[in-house]
Amino acid sequence: MTPAPRVVLAPDKFKGSLTAPEVAAALAAGITRVRPDIDIRRVPVADGGDGMVDAFIAAGWQRVVVPAPGPTGAASTAVYAVQGTTAVIELAAAVGLAKLPGGRPDPLGASTFGLGVVIAHALDQGAREIVLGLGGSASTDGGAGLLRALGLRLRDAAGEDPGEGGAALARVVSVDRSGLHPAVAETRFTLACDVDNPLLGPAGAAAVFAPQKGATAAQVAVLEAALSNWAAVLGRGYAEVRGAGAAGGTGFGALAVLGAQVRSGIEVLLELLEFPNLVSGATLVVTGEGSLDHQSLRGKAPVGVGAAARAAGVPVVAAVGRTLLSPGEIRAAGFTGCFTLSALEPDPARSIAGAADLLTEVGEQIARTYFASR
C-alpha cells in the first residue's frame, strides 16, 4: 500500500491579517477537504520580527510570561520561548509598536528597557544562548534601554543618568560596564533580523525607520545626532556592522556591549527547529507570506524556507496574498508554483478581511494540483 503523501506547511504571518499558525491552519483545512488522508505537519515560521516566539511555541518550546514595561514604561507583560538553555526573545513582544499605550508613538522617549528586563529574566532562569528577534520596534534608542536593564550605567557630563529614550543619548558622555548582569559574559547572543542597515546615515536607524515610529523630520535629525554621540561613546566600529541599525539601533547596542552576532532571522529559526529533519521524506513544502516581492528575495522567510526545502530535495510552493514577481522570477527563486489570494479576490481590503477563507481555497487548489483526488 502506497503511504499517504506528507506535506509540511511552513508559512510566515500575513501581516495585518493572520498569524503564521492561523495561515497554516487555513491551508491545512483546504488540503484536508480534498485529500483527508494527507499527513500534514504545521511548522509556522518567522524571519526575526513579530511572530518568532509564536513559531517556537508552536514547535513545542516552553512558553514563559514575564512582567516587563512597554516602550513608554507602562506596565505590561511579554512572552518568550525556552528550550533547555536556549531562549528566543522577541523585541516586538516586549517593546514593539503594539505595546504603545493607545497606539500613541513617542519617537524621542520610547525605550527598549522592557526588552532588557525580559533578557535578564531568561538569564536568571539559566539561559546561556539567547536569540533576539529584532523587528517591530517602537523606539530609536540604540539599544540603550535594553543595556540599562542589564546593568549598564549611562552618565552625562554631570555624572547623572541621562534618562530613557533616543533623544537622551545626546547627553551620554560615558558608560560603566561594571554592573552588567554577571551572566552576560558567559552567554552567546544572536540577533535574528532581516535588515542590513547600519546605525547612522541615510540608510540608518533614524533616517529609515524613525518616521515609521512617528518621528517628524526635525525629530529624525535629533535622533540621528543622538545616535552619532552614542556611537562615539560605545565605539563607531560597530555602527557600520550589517544590522547595527535594526530595531532603532538595538542591533548596535547589542553588538557593542553584549558581543552579539547578527544572523538571518529565518536561518536561525530553521536551524533551531532542525528544519531539515522536519522536511526529510516530505512530498511537498508550502510556505508563504502576505506579499511575495523583491524584498522577499533578500532573505525573507519564504525564500529561506524554500532554500532549505530544496536542499532536502523537496519541492516547495508559495501561498501568498499577492506577488509582485514575474513567473520567471518565481521559478528562479526556486518555487514550483505560486498561489495568490489576489487571484481569488482582487480587492485588497476584502482579501485581507477574508484571508482565512481564501487560504482554505488555496489549500484546496494546492491539493488538487499536486495530489489528485483518490
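Residues numbered from 1 in each chain as written. Predicted model: local features only at pLDDT ≥ 70, side-chain atom pairs only at ≥ 80, totals over all residues. Heavy atoms only, no water.

In the annotation of an unreviewed UniProt entry, the protein is listed under the name Glycerate kinase and assigned to Nocardia thailandica. The protein has a UniProt comment under Sequence similarities (unreviewed entry) that states "Belongs to the glycerate kinase type-1 family." (UniProt positions renumbered as here; feature names shortened; annotations may be inferred.)

Peer 1: A description of the sheet that holds strand 15 (residues 337-340) should follow, citing residues and the corresponding values.
Peer 2: Strand order in the open sheet made by the 5 strands is 2-1-11-13-15, with parallel pairing throughout. Each edge of the sheet is formed by a strand with only one pairing partner; in this case those strands are strand 2 (39-42) and strand 15. The average angle at which neighbouring strand axes cross in this sheet is 20°, direction not considered. Relative to strand 15, strand 13 (residues 316-320) runs parallel, the two being bridged by 4 bridges. Within the sheet, the bridge partner assigned to Val-317 lies in strand 15 and is Gly-337. Strands strand 1 (6-9), strand 2, strand 11 (284-287) and strand 13 of the sheet are contacted by helix 1 (residues 20-34), whose axis makes an angle of about 175° with strand 2. Here helix 14 (residues 355-370) sits on the sheet and contacts strand 11, strand 13 and strand 15; the angle it forms with strand 15, its principal contact strand, is near 150°. (Pairing = 2+ DSSP bridges. Helix = DSSP H or I, 4+ residues; strand = E, 2+ residues; numbered from the N terminus. Axes fitted to C-alpha atoms, helices over the stretch in contact; angles between N-to-C directions. Contact = heavy atoms within 4.5 Å.)

Peer 1: For the nonpolar core, give the residues involved together with the corresponding values.
Peer 2: Among the nonpolar cores identified, the biggest contains 60 residues, and Ile-89, Ile-119, Ile-130 and Trp-230 are the most heavily contacted of them. By residue number, the principal contributor to this core is helix 8 (residues 246-258), which donates 8 residues. Among all residues touching Ile-119, those that are not within four sequence positions of it are Ile-89, Ile-130, Leu-132, Leu-146, Leu-150 and Phe-189. Ala-10, Ala-55, Ile-266 and Ile-330 belong to the second largest nonpolar core, which has 36 residues in total. (Core = buried A, V, L, I, M, F, W, Y, C linked by side-chain atoms within 4.5 Å. Buried < 20%, exposed > 50% of the residue type's maximum accessible area, 1.4 Å probe, protein only.)

Peer 1: Help me get a handle on the packing of helix 7 (residues 217-234) against helix 8, residues and values and all.
Peer 2: Relative placement of two packed helices is described by the angle separating their axes and the distance separating the axes. For the pair helix 7 and helix 8, interaxial distance at closest approach is 11 Å and the crossing angle is 10°. Of the possible angle classes, the one that applies to helix 7 and helix 8 is roughly parallel. Of the residues in helix 8, those in contact with Trp-230, Ala-231 and Leu-234 of helix 7 are Phe-252, Ala-256 and Val-257. Looking at the contact of helix 7 with helix 8 residue by residue, the classes come out as 6 nonpolar, no polar and no charged. (Parallel < 35°, antiparallel > 145°, perpendicular 65-115°, else oblique. Nonpolar A, V, L, I, M, F, W, Y, C, P; charged D, E, K, R; others polar.)

Peer 1: So, the packing of aromatic side chains: which residues are in play, and what are the values?
Peer 2: All told, the structure shown has 2 aromatic pairs when counted by the stated rule. A centroid spacing of 4.7 Å and a plane angle of 65° characterise the contact between Phe-56 and Trp-61, whose relative ring orientation is edge-to-face. Each member of the pair Phe-56 and Trp-61 is classed as buried. With centroids separated by 6.3 Å and ring planes inclined at 65°, the aromatic side chains of Phe-339 and Tyr-370 adopt a geometry described as edge-to-face. Placement of Phe-339 in strand 15 and of Tyr-370 in helix 14 is noted, with a sequence separation of 31 residues between them. Since its relative accessible area comes to 29%, Tyr-370 is described here as partly exposed. (Phe/Tyr/Trp six-rings, centres within 6.5 Å; stacked < 30°, edge-to-face > 60°.)

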